[in-house]
Amino acid sequence: MATGHIRLTSHHDPHLPAPPRIQWGDPDPARRGPVIATLTDPERRNAIGTHGGAYSVYRAMAVASGRLDPSFRTDLTDTAPTAVIG
């Protein structure tokens, strides 16, 4: 199904074609295939670490393009959780 836009998600949509196969161990990213950090399709996962949510792709793109220092940490002064936990 062509949508006319780029899908910024690693979660498989059963209405779309299956994600490309990964060529494990290939050092060339074009031949290896995309980085997939899915929580719902572990058979295709090829990334480890914390699942950063929808905005993690924007952070990664900003760091890769040199527009954001990779050591940047958000200043959470004067913020509060949206829900009390515990």
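Structure: see above.
No experiment lies behind these values; they were computed from the predicted model shown.

Description of the overall build of the chain
Across its full length, the chain holds two helices and zero strands. The burial tally for the chain puts 9% of its 86 residues in the buried class. Surface accessibility of the chain: about 7500 Å² in total, with carbon and sulfur atoms responsible for 59%.

Digging into a nonpolar patch on the surface
Judged by side-chain polarity, Tyr-55, Tyr-58 and Met-61 come together as a nonpolar surface patch covering roughly 390 Å² of accessible area. Position of Tyr-58 among the secondary structure elements: in helix 2 (residues 56-64). On the basis of relative accessible area, Tyr-58 is assigned to the partly exposed category, the value being 42%.

Examining the pattern of salt bridges
Overall, the coordinates contain two salt bridges when judged by the stated rule. With a shortest N-O distance of 3.1 Å, Asp-26 and Arg-31 are connected by a salt bridge. The class of Asp-26 is buried, set by a relative accessible area of 19%. In this structure Arg-31 comes out as exposed when scored by relative accessible area, which is 52%. Among the charged side chains, a network of salt bridges with common partners joins Asp-26, Asp-28 and Arg-31.

Digging into the environment of Asp-69
On the secondary structure map, Asp-69 appears in the segment after helix 2. On the basis of relative accessibility, which here comes to 46%, the residue Asp-69 falls in the partly exposed class. Taking the C-alpha atoms as reference points, Asp-69 and Arg-59, separated by ten residues in sequence, lie 9.9 Å from one another.

What about unusual backbone geometry?
For Asp-78, which is not glycine, the phi torsion reads 65° and is therefore positive. For Asp-78, a relative accessible area of 80% corresponds to the exposed category.

A short note on the side chain of Asp-26
Here Asp-26 shows up in the segment before helix 1 (29-32). At a separation of 2.9 Å, a polar atom in the side chain of Asp-26 contacts the main-chain amide nitrogen of Asp-28. Here Asp-26 is in contact with Arg-31 and Arg-32, once residues within four sequence places are set aside.

What counts, and where the lines are drawn
Residues numbered from 1 in each chain as written. Predicted model: local features only at pLDDT ≥ 70, side-chain atom pairs only at ≥ 80, totals over all residues. Heavy atoms only, no water. Helix = DSSP H or I, 4+ residues; strand = E, 2+ residues; numbered from the N terminus. Buried < 20%, exposed > 50% of the residue type's maximum accessible area, 1.4 Å probe, protein only. Areas by Shrake-Rupley, 256 points an atom, 1.4 Å probe, with all protein chains shown as cover. Patch = residues over 30% accessible without salt bridge, like charges linked within 9 Å, V, L, I, M, F, W, Y side chains within 5 Å. Salt bridge = Lys/Arg side-chain N within 4 Å of Asp/Glu carboxyl O. Polar contact = N/O pair within 3.5 Å; in protein donor to acceptor, adjacent residues only side chain to side chain. Contact = heavy atoms within 4.5 Å.

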